[in-house]
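Summary of structural features
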Amino acid sequence: MKGFFDTRLEFLKGVGPQKSALLNKELEIFTYGDLIQYYPFRYEDRTRFYIISEIDHQLPNVQIKGTLQNVEMVGGGSKKRLVAHLRDSTGTIELVWFKGIKWVVKKLQPGVTYSVFGKPTRYGKKINMVHPEIEVFTSSHEGPGYLQPVYHTSETLKNRFLDSKAISKLQRQLLTAARSRITETLPEGLMTELGLTSKADALWHIHFPLDSRKLNEARLRLKFEELFYIQLQLLKLKLARTEKFKGKIFKETGLINEFYHNHLPFQLTAAQKRVIREIYYDLKSGKQMNRLLQGDVGSGKTIVAFICILAVIGANAQAALMAPTEILAEQHYRGLEPYARKLGVEINILTGSTTKSTRTNLHEKLQNGSLQILVGTHALLEDQVQFQSLGLAVIDEQHRFGVAQRAKLWSKNKNFFPHVLVMTATPIPRTLAMTLYGDLDVSVIDELPPGRKAIETVHRYDQNRLKVFGFIKQQIAMGRQVYFVYPLIEESAKMDLKHLQDGYESISRAFPEVPVSIVHGKMKSRDKDFEMQRFVKGETRIMVATTVIEVGVDVPNASTMVIENSERFGLAQLHQLRGRVGRGAEQSYCILMTDVKISKEGRTRIQTMVRTNDGFEIADVDLKLRGPGDLMGTQQSGVLDLLIADLGRDGKLLQLAREKAVKVLESDPDLDLPENMNIRRQIAQQSKSSLNWSRIS
Ligand code: ADP
Ligand code: MG
């Protein structure tokens, strides 16, 4: 069904094929519907005229009205400019033009009253306006005033006379024709309950607001709608999956009990116990589990995963534990192997560097079921890797894995879908988690094991390096180990590698008696592993590394981390890195090195790290600094291309939208009650459009 809103833009009066092609290319506006949803990004205040005496340079763009006095050319050379004086009953202001003088001067008639719009700036002691917009004041300027929408355009478009004003004109023309055809997309009941304005009014006022109250009503309505439909789709997906995919029931507790009472080397925290109960409840529910486990670095997610794995092994099924890097996979393997041995459980590891003969052997044992736990990297996803009966797949550090890979794990069992537990140490702000993982159930470990001392974080400038080295010497003399971390960013990999090598040499010179390890991503994994091992065993006391040590590496005796060029790291990464220290009983330190000169944003990041250890607080700052798309990388940003809502700011509204979506689906899972007709129609409409929901399923 093709409707009015699918009409191609070229058919709008005043557009035509050429302009339409430009708008397609530059702004991705193809249809009437696209244009209407191309919202202004800000508004200029034309609701009133300011009087000249109240104007100062701190005001944004303002509108004034006055009689033009003399017009004159001033200065010479590059300082040559046109100056006009505008006067009202309260004072006079200078209007200045450096460019387009020939053209402007024709418009300026002394003695005539003008409406002027521009940004007041300070020039010496005077306030003036440079390159203001100026029009002869007419009766059309009287009346109630309005907010002038401003649309993003491009240089190319502006050169073809498609500036913000021109777009606004097109919007007015289109909306005048379209207004009566706009159908309501939210249920009446919900709109009344929340006091939301109608879709038709909202669209009108988002483009042509008379005042800020109307604008806010329109924004609220459109943001709510956007968030509501995202949540509704996610919840529907989840609902469909729980109904469609039966989960195998695992309720064996024999192995868990044996481990818990005889081998667990510490007390679980209350948060760990709660989360284990949540997962165990899923495993025995008969529904397939898709659960996200969030817990800050060091909160003890691994042991939680292992205990859940035992429930599955105890019932004669198998489990997979997948990590994003070899180092991490090996660490998991080394950590869990002793437990498994005590329990008589067969565990092994598969990575890219596993030899062919070992591989063949592993494949066989997986298929005959004798291998019960397989730890590994992406290598687990290869087609040859077939389990006899995969019951649970645990994915560690989710942010490195795509959703497609999650799906691939599901298909590793031909008889039933394995349960999936996704673990992440990247604290994701709640709002973002609700959107990115809105189809998963979420468990949170919000407590660190007891006895951890808060990491002390300081900021030091490069020129104070000697002092920092002095501190490091003390730490090493006390028997501690130290990390030095260098940035390694793909585009400048060569330069970064050189910095790393230089750093390694200067550190070796500064600490001649201390054995130093070096690890970076360009090394062969065998060499990397060898060096890692030396550090883990305490044979080397200093580890010079790139971010390969970022996730999961666990050396409790390493109590100090120095991060070089720390302003080049993102907040999430800094937080991850810092989590490598503070794992033992000793006081630990994180020293953020920078040049004296750093950007404002860089400084905010450093200050945030110094101020707090709370991963969620850091994630919130990160979200505000970078916006949600960047935060999660490109991998999943499609879901986050929101037209109007802002996950950084609209957290409360998102919460509300989710609650309402839950309520709607609870009372009407198939959306066939008459009161939900608007929803049904809108979903049908959306599924035709480009938004591809399969990407997040
Ligand atoms: P992460 O959540 O970052 O993956 P890990 O699972 O690596 O954390 O755990 C970090 C360290 O804390 C490990 O050495 C682990 O053995 C230890 N640990 C986990 N839970 C507890 C606990 N309840 N009490 C004491 N130590 C614990
Ligand atoms: Mg971990």
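Residues numbered from 1 in each chain as written. Chains lettered and ligands numbered in written order. Predicted model: local features only at pLDDT ≥ 70, side-chain atom pairs only at ≥ 80, totals over all residues. Heavy atoms only, no water.

1. Side note on the sheet that holds strand β2 (residues 62–74)
Pairing within the open sheet is mixed, and its seven strands lie in the order β6-β7-β4-β3-β2-β5-β8. Looking along the sheet, the strands with just one partner apiece sit at the ends: β6 (120–123) and β8 (133–136). Geometrically, the sheet is characterised by an average inter-axis angle of 45 degrees between neighbouring strands, direction not taken into account. Judged from the six bridges that link them, β2 and strand β3 (residues 81–88) form a sheet pairing that is antiparallel. By the bridge assignment for β3, M73 is matched with L82. (Pairing = 2+ DSSP bridges. Helix = DSSP H or I, 4+ residues; strand = E, 2+ residues; numbered from the N terminus. Axes fitted to C-alpha atoms, helices over the stretch in contact; angles between N-to-C directions.)

2. A closer look at the site of ligand 1
Taken together, 16 residues surround ligand 1, and among them Q267, G298, K301, T302 and R452 come closest. A distance of 2.9 Å separates a nitrogen atom of ligand 1 from a polar side-chain atom of Q272. Contact between ligand 1 and G298: an oxygen atom at 2.6 Å from a main-chain N or O atom of the residue. Within the complex, 80% of the 560 Å² of free accessible area of ligand 1 lies under protein. Of the residues belonging to the shell around ligand 1, the class tally is four nonpolar, seven polar and five charged. (Near = heavy atom within 4 Å. Polar contact = N/O pair within 3.5 Å; in protein donor to acceptor, adjacent residues only side chain to side chain. Areas by Shrake-Rupley, 256 points an atom, 1.4 Å probe, with all protein chains shown as cover. Nonpolar A, V, L, I, M, F, W, Y, C, P; charged D, E, K, R; others polar.)

3. Digging into the side chain of T31
On the secondary structure map, T31 appears in the loop between α1 (16–27) and α2 (32–36). Judged by its relative accessible area of 18%, T31 falls in the buried class. Excluding anything up to four places from it in sequence, T31 contacts F5, D6, T7, R8 and L9. (Buried < 20%, exposed > 50% of the residue type's maximum accessible area, 1.4 Å probe, protein only. Contact = heavy atoms within 4.5 Å.)

4. Description of the pairing of strand β21 (residues 558–563)
Taking burial as the measure, the six residues of β21 include six buried ones, the bulk of the element. In this structure, strand β18 (residues 481–485) lies alongside β21, joined through five bridges in parallel fashion. Across the sheet, residue F484 finds its bridge partner in β21, namely V562. Pairing between β21 and strand β22 (residues 589–594): four bridges, direction parallel. Paired with T560 across the two strands is Y589, which belongs to β22. Handedness of the β-α-β unit built from β21, helix α19 (residues 571–578) and β22 comes out right-handed. (Right-handed = clockwise from strand over helix to strand, strands pointing away.)

5. Brief notes about the sheet that holds strand β11 (residues 318–322)
In spatial order, the strands read β12-β13-β11-β14-β15-β10-β16; together these seven strands make up an open sheet with parallel pairing. The open sheet terminates on both sides in strands that have one partner only, identified here as β12 (347–350) and β16 (441–445). Between one strand axis and the next, the sheet turns by 20 degrees as a mean value, whatever way the strands run. Note: strand β14 (residues 390–396) against strand β15 (residues 419–424), five bridges, orientation parallel. Note that in β15 the partner of D396 across the bridge is M423. Its contacts with the sheet place helix α10 (residues 270–283) against β10 (290–295), β15 and β16, and it is angled at close to 160 degrees to β16.

6. Some thoughts on unusual backbone geometry
Most of the time, phi is negative for any residue but glycine, and the peptide bond is trans. A positive phi angle is found at H131, which is not glycine, with a value near 50 degrees. Take H131: it is sitting in the loop between β7 (126–130) and β8. For N565, which is not glycine, the phi dihedral falls at a positive 45 degrees. Position of N565 relative to the elements: it lies in the loop between β21 and α19. Its relative accessible area of 25% is what places N565 among the partly exposed residues.

7. Regarding the nonpolar core
In this structure, F224, L227, F228, L232, L374 and I679 are the most contacted members of the largest nonpolar core, which totals 50 residues. Setting aside residues no more than four positions away along its own chain, L232 makes contact with A661, V664, L665, I679 and I683. (Core = buried A, V, L, I, M, F, W, Y, C linked by side-chain atoms within 4.5 Å.)

8. Examining the confidence of the model for the protein chain
Chain-level statistics for the protein chain give a pLDDT mean of 87 and a share of 92% at 70 or above. Overall, residues 631–638 carries pLDDT values under 50, and its contacts beyond four positions in sequence, including any with other chains, amount to 19 contacts. In this model residues 690–697 is a low-confidence stretch, pLDDT under 50, and it forms 14 contacts with partners more than four residues away in sequence or in other chains. (pLDDT = per-residue confidence, 0-100.)

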